[in-house]
There are 2 protein chains.
Amino acid sequence: MSSIWITGGKGFIGRHLAQFVAGNSQTVHGLGHGAWVEDEFSACGFKSWLNAEIDFASLSHLAASSGLPDIIFHLAGGSAVGPSIQNPYEDFQRTVETTARLLEWVRQHSHQTRVIGASSAAVYGSGFSTPIPENTHAMPFSPYGFHKAMLEKLFDSYRETYGLKLGIVRLYSIYGPGLEKQLLWDICQKLEKSANGEILLHGTGQELRDWLHIKDTCSLLWKVATLPDLPQVINGGTGKSTSIFDIAHLVSDAWGEKHKVVFNGIGRKGDPASLVADTTLSQQLGYTPSINIQDGIKGVVHWYRERSR
Amino acid sequence: MSSIWITGGKGFIGRHLAQFVAGNSQTVHGLGHGAWVEDEFSACGFKSWLNAEIDFASLSHLAASSGLPDIIFHLAGGSAVGPSIQNPYEDFQRTVETTARLLEWVRQHSHQTRVIGASSAAVYGSGFSTPIPENTHAMPFSPYGFHKAMLEKLFDSYRETYGLKLGIVRLYSIYGPGLEKQLLWDICQKLEKSANGEILLHGTGQELRDWLHIKDTCSLLWKVATLPDLPQVINGGTGKSTSIFDIAHLVSDAWGEKHKVVFNGIGRKGDPASLVADTTLSQQLGYTPSINIQDGIKGVVHWYRERSR
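- The name an unreviewed UniProt entry gives chain A is UDP-glucose 4-epimerase, with Methylophilus rhizosphaerae as the organism.
- The record in UniProt for chain A states the following under Sequence similarities (unreviewed entry): "Belongs to the NAD(P)-dependent epimerase/dehydratase family."
- In its Pathway (unreviewed entry) section, the UniProt entry covering chain A states "Bacterial outer membrane biogenesis; LPS O-antigen biosynthesis."

**Considerations on the relation of the copies chain A and chain B**
For step 1, the next point in the chain: Of the transformation superimposing chain A on chain B, the axial component is 0.0 Å and the angular component is 180 degrees, with the fit at an RMSD of 0.0 Å. Viewed as a symmetry operation, the transformation between the two copies matches a two-fold axis. Of every C-alpha in chain A, the one belonging to Met150 of chain A sits nearest the axis of rotation, 2.8 Å from it.

**A look at helix H6 (residues 143-162) of chain B**
All names here are of chain B.
For step 1, the next point in the chain: With 20 residues, H6 should cover 28 Å at 1.5 Å per step; its first-to-last C-alpha distance of 28 Å lies within 8% of that length.
For step 2, the next point in the chain: Within H6, 19 of the 20 residues are buried, which leaves it mostly tucked inside the rest of the structure.
For step 3, the next point in the chain: Once H6 ends, the next one or two residues include Gly163, with phi positive near 70 degrees.

**Examining the packing of aromatic side chains**
For step 1, the next point in the chain: As enumerated under the stated definition, the model contains 34 aromatic pairs over all chains in all.
For step 2, the next point in the chain: Look at Trp36 of chain A and Phe41 of chain A: their rings are 6.5 Å apart centre to centre, the planes differ by 65 degrees, and that puts the pair in the edge-to-face class.
For step 3, the next point in the chain: Counting every residue linked through ring pairs, the aromatic cluster contains Trp36, Phe41, Phe46 and Trp49 of chain A.
For step 4, the next point in the chain: Geometry around Trp36 of chain B places Lys10 of chain B over its ring, the cationic atom sitting 5.4 Å from the centre.
For step 5, the next point in the chain: Positioned over the ring face of Trp303 of chain B is Arg307 of chain B, at 5.8 Å from the centre of the ring.

**As for the domain arrangement of chain A**
Quoted interface sizes are often the accessible area lost when the parts come together.
Residues and elements named next belong to chain A.
For step 1, the next point in the chain: Per the domain assignment, the segments making up chain A are domain 1 (3-174 + 211-236) and domain 2 (178-209 + 240-277 + 291-307).
For step 2, the next point in the chain: Averaged C-alpha coordinates put domain 1 and domain 2 at centres separated by 27 Å.
For step 3, the next point in the chain: Facing the 22 residues of domain 1 at the interface are 21 residues of domain 2.
For step 4, the next point in the chain: Between domain 1 and domain 2 the total buried area reaches about 1700 Å² when both faces are included, carbon and sulfur atoms providing 66% of it.
For step 5, the next point in the chain: Our count for the domain 1 to domain 2 interface comes out at two residue pairs in polar contact (both at pLDDT 80 or more).

**Some thoughts on the UniProt feature "domain: NAD-dependent epimerase/dehydratase" (unreviewed entry) in chain A**
For step 1, the next point in the chain: Under the feature "domain: NAD-dependent epimerase/dehydratase" (unreviewed entry), the UniProt entry names residues 4-230 of chain A.
For step 2, the next point in the chain: The distance separating the terminal C-alpha atoms of residues 4-230 of chain A is 16 Å; by composition the span is 44% helix and 19% strand.

About the criteria used
- Note on numbering: residues in each chain are counted from 1, in written sequence order.
- Just so you know, chain letters begin at A and ligand numbers begin at 1, following the order they were written in.
- Since the coordinates come from a predicted model, pLDDT governs what is reported: local features require at least 70, and pairs of side-chain atoms require 80 or more to be given and counted, while whole-chain, interface and lining totals use all residues.
- Remark: hydrogens and water are excluded; side-chain values derive from all non-hydrogen atoms of the structure.
- UniProt positions are given in the numbering used here, feature names are shortened, and annotations may be inferred rather than shown by experiment.
- A least-squares fit on C-alpha atoms brings the copies together, and the residues used are those whose pLDDT is at least 70 in both copies.
- Here a helix means four or more residues in a row that DSSP labels H or I, a strand means two or more in a row labelled E, and each is numbered from the N terminus.
- The span one expects for a helix is its residue count, reduced by one, times 1.5 Å.
- Three exposure classes are used, based on accessible area relative to the maximum for each residue type with a 1.4 Å probe and protein chains only: buried under 20%, partly exposed in between, and exposed over 50%.
- We call Phe, Tyr and Trp rings a pair once their centres come within 6.5 Å, taking the six-membered ring for Trp, and we label the pair stacked below 30 degrees between planes, edge-to-face above 60, and tilted otherwise.
- To sit over a ring, a charge needs its Lys NZ or Arg CZ within 6 Å of the ring centre and within 35 degrees of the ring normal.
- Here the limits of each domain have been adopted from an automatic or database domain assignment.
- Working rule for contacts: check all heavy atoms of both residues, and any pair within 4.5 Å makes them a contact.
- When two parts are put together, the accessible area they lose, computed with a 1.4 Å probe and summed over both, is reported as buried area.
- A 3.5 Å cut-off defines polar contacts: any pair of N or O atoms within that distance qualifies, except that in protein one atom must be a possible hydrogen donor and the other a possible acceptor, and neighbouring residues in sequence count only when both atoms are side-chain atoms.

Written as structure tokens, this is what we have:
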């Protein structure tokens, strides 16, 4: 049985990952922002939860109470493009400063620990029309993307200079039950409130995204963390592109009533036309996502309707 | 007359640059680490000196006392590869955190200010045998290099997202009178102490470097800062390569006594075989260095001997 830590464990991915990893008979400890009573964090699979900044004091505190970790999933960080444009310095602190402190603590105190960092397809920026391989050099266009790119540089620095065991997963459009924000949440809210059988969405609907279900995200993160050799960086996507137009109609179909979906045609700053993973590397490592987008969206709509009862 | 700020102004480049810029009839204010009495900072060309961390409080304090700057030369940061390997987190704080705070302060308080950041050829890493153009993607191999690459990402982020007026100069091997560390200083010290007419140096002597005199460094920084359009990034080098072997013999010749220079053959971690600038871009912008390496080294040896009298 291994000891697993999850930073930013109270977030959407962290809660699911704790449950997934605990279900694999591992001991999971979490730390990050957020007050959380034991009943709740236990239900998510956490044996302990430390409500704290990711810094030297809190990391050593957790090590004193629960021993050194075998694996750390580093999910703490800024959570979205929009807020990072509004407040770039906060996003910097959440994504970059936490990473600098975590890796320095690992270097000093727990050199054998594997650290898996959550990066984002936002590091690639825009201008793509085909699946993006990991070795693509590009220019992010939001502080969120730049800061994730800086997180990756810190991983490179500590791996190249000190031989730490570090790997990066660049996550694409992660979705699933429990995510109370972003596109699917917005569509469900609009469907629920729609009076005239019509919903209005931003953009053209033509933007292509690569949707990875949270269960597939967890199995990918766990697979990467337990590989004999950690990949420096790996895309976390399915390789399949689905337009926002198709997503909206899949949600509407799953909702079960006839709705008309209208797009306002106005693209938002920070929205590239296409962000789809080249999955050659993850396939070579034996990873295949298991949940198709139709089933995944049905599950989200089901969760959404159950939770409001 | 413009108002110029220099962060890290008490360092080798900062002191020379203040003198150069003040000599061009500009008003220069400095901030950074280091207690400094007025006689001394005035002699370097500074009208005021603020001994402080680069943070929101000190930047606003300086703005309240001296007005908003037209140009900021951001020289604060870690200073060398070796110390960054010993203490990477300190180097991160000095290079990356100062930059995040400075650019955020400029975004909030002084949107029209031009900021010129000092990066380093260390961002390129190793494996080169020909001059390196600015658009080269490479892997640094020391925390110093990685952190400079992260500084550049912050510049990219604030320029792309907020339209700030930002430029980066990647400095190669900067040298000149007043630099009390690094290769020329070490050679002078060894020549001074040599009892048997022999000096021993690290490495093979075959490493190629691009030596830019501090006077040429200052004129390049000033030229870049006053261009109509700031270059995103520009190499700060001469395009000429000189081996460490040749440098050692130039210093020895300038010293004026016969010495034998011996290399121990052991390369240091962090020392690439060749780091030489492709100067196509700086030539297009009308910049040509004026001091050849022979004259530059004579000046350093002269300064070294005068200062110890």
